[in-house]
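For reference, the chains in residue letters:
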Amino acid sequence: MLELEQRRLLGEFVRSHRERLVPDGLAGRRRTPGLRREELAERAGISPTWCAWIEQGRQVQASPQALARLAVALELTQAERAYLFEMADRRDPDSHQNEYGQEAPASVIAAVSAVPHPAYALDRYWNACSWNSAAAALFPEWLAQEASERNAMRFVFTHPAARQIIMDWEGRTASMMAEFRADYSHAQRDPLFRDLVEAMRAEIPLFETVWQQQNVMEREGGERAFRHPERGILHFRQFNYRPADRPDCRLVLLFPV
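We now turn to the structure provided with this report. (Residues numbered from 1 in each chain as written. Predicted model: local features only at pLDDT ≥ 70, side-chain atom pairs only at ≥ 80, totals over all residues. Heavy atoms only, no water.)

## Structural notes on the packing of helix α4 (residues 64–73) against helix α5 (residues 78–87)
Two measures define how a pair of helices packs: the angle their axes make with one another and the distance between the axes. It is the contact of α4 with α5, at a shortest axis distance of 10 Å, that shows an interaxial angle of 145 degrees. In this structure, α4 crosses over α5, and the sense of that crossing is right-handed. Residues Pro64, Leu67, Ala68, Ala71 and Val72 of α4 touch α5, and the partners they reach there are Arg81, Leu84 and Phe85. Its residues assigned to classes, the contact of α4 with α5 comprises seven nonpolar, no polar and one charged. (Axes fitted to C-alpha atoms, helices over the stretch in contact; angles between N-to-C directions. Helix = DSSP H or I, 4+ residues; strand = E, 2+ residues; numbered from the N terminus. Left-handed = near helix turned anticlockwise from the far one by under 90°. Contact = heavy atoms within 4.5 Å. Nonpolar A, V, L, I, M, F, W, Y, C, P; charged D, E, K, R; others polar.)

Next up, the structure:
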């Protein structure tokens, strides 16, 4: 059940955007702005009563499909649509259709290139989409030019070099899986993400074992230690950021301790 304040904010949002719309062929011919509730309801294929109740902040059970039609009728931007679903406490059924591409945005590439220490970015599927030379030198089997596997989870769970370079490999794989599951929970309607998870569960027995532990945590920074074959044991402090223009990306910075 939505809280009173949340219902009020949702109602004000819908009413404000309804009043911004110009009725077809009636621009400038009305005293009151925007569409009438009945007109919005007709556009969205919903009940006028339901439309009135949601604007009044009353308790209504809005289905994701009805909210999706309402978002289209209100001509909402992607950010506005996300706000609508957030206020209604519903998951957007078409969220996977509005996702970003898999290439790193210019802002991430610039940040990675500007840092003298190891820095890299992961897309929403945990594929490395940008990295600097310091990161490639630290993880040559993963990020070097000739590397064949760019997915961080596949690398950590399947590549022998991962066990050698990552100190406390078992603990790190468990925490990475918990972070990966948290990301997966935000993108369950993305068929590519589902396919990736199902493929790794079927192909990598250890991945399936750790996956079944059901641990979930947001991605955290902190102390990291690596055993480099030429430079010995290296200690870093890891920081993670989500770019404002691409929140599906993760920017990872490793500063020497």
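Having seen it, we continue.
## Concerning the sheet that holds strand β4 (residues 232–241)
Spatial ordering of the open sheet is given by β2-β1-β5-β4-β3, a layout of five strands whose pairing is antiparallel. With one partner strand each, in any of the chains shown, β2 (128–131) and β3 (222–228) form the two edges of the open sheet. Direction aside, neighbouring strands of the sheet carry axes that sit 30 degrees apart on average. Relative to strand β5 (residues 250–256), β4 runs antiparallel, the two sharing six bridges. Directly across from Tyr241, in β5, lies its bridge partner Leu251. On top of the sheet, helix α6 (residues 106–114) reaches β1 (119–122), β2 and β5; it is set at about 45 degrees to β2, its chief contact. (Pairing = 2+ DSSP bridges.)

## Some thoughts on empty space enclosed by the protein
Under the criterion given, the structure shown has two cavities of 30 Å³ or more. If you add up the space inside the largest cavity, you get close to 200 Å³. Listed by contribution, the elements that provide at least two residues to the lining of the largest cavity are β1, α9 (152–158), α11 (169–185) and β3. Broken down by element, the lining of the largest cavity gets its largest block of residues, three residues, from α9. Here the residues of the lining of the largest cavity sort into eleven nonpolar, one polar and three charged. (1 Å grid on protein atoms, 1.4 Å probe; cavity = no way out; pocket = protein on both sides within 12 Å on 5 of 7 lines; lining within 4 Å. Points joined across faces, edges and corners; volume = space filled by probe spheres on them.)

## Focus on the packing of aromatic side chains
For the coordinates displayed, the defined rule picks out 17 aromatic pairs. Considering the side-chain rings of Phe207 and Trp211, the 6.0 Å spacing of their centres and the 15 degrees angle between planes classify their relative orientation as stacked. Here Phe207 and its partner Trp211 are both found in helix α13 (residues 205–211), four residues apart, which amounts to about one turn of the helix. Look at Phe207 and you get buried, because its relative accessible area is 0%. Here Phe239 and Phe255 contribute two aromatic rings whose centre-to-centre distance is 5.8 Å and whose plane-to-plane angle is 75 degrees, an arrangement assigned as edge-to-face. In this pair, Phe239 is assigned in strand β4 and Phe255 in strand β5, connecting sequence segments 16 residues apart. What makes Phe239 partly exposed here is its relative accessible area of 31%. Using a relative accessible area of 30% as the deciding quantity, one classes Phe255 as partly exposed. In this structure an aromatic cluster arises from ring pairing among Tyr125, Trp126, Phe157, Phe180, Tyr184, Phe193, Phe207 and Trp211. (Phe/Tyr/Trp six-rings, centres within 6.5 Å; stacked < 30°, edge-to-face > 60°. Buried < 20%, exposed > 50% of the residue type's maximum accessible area, 1.4 Å probe, protein only.)

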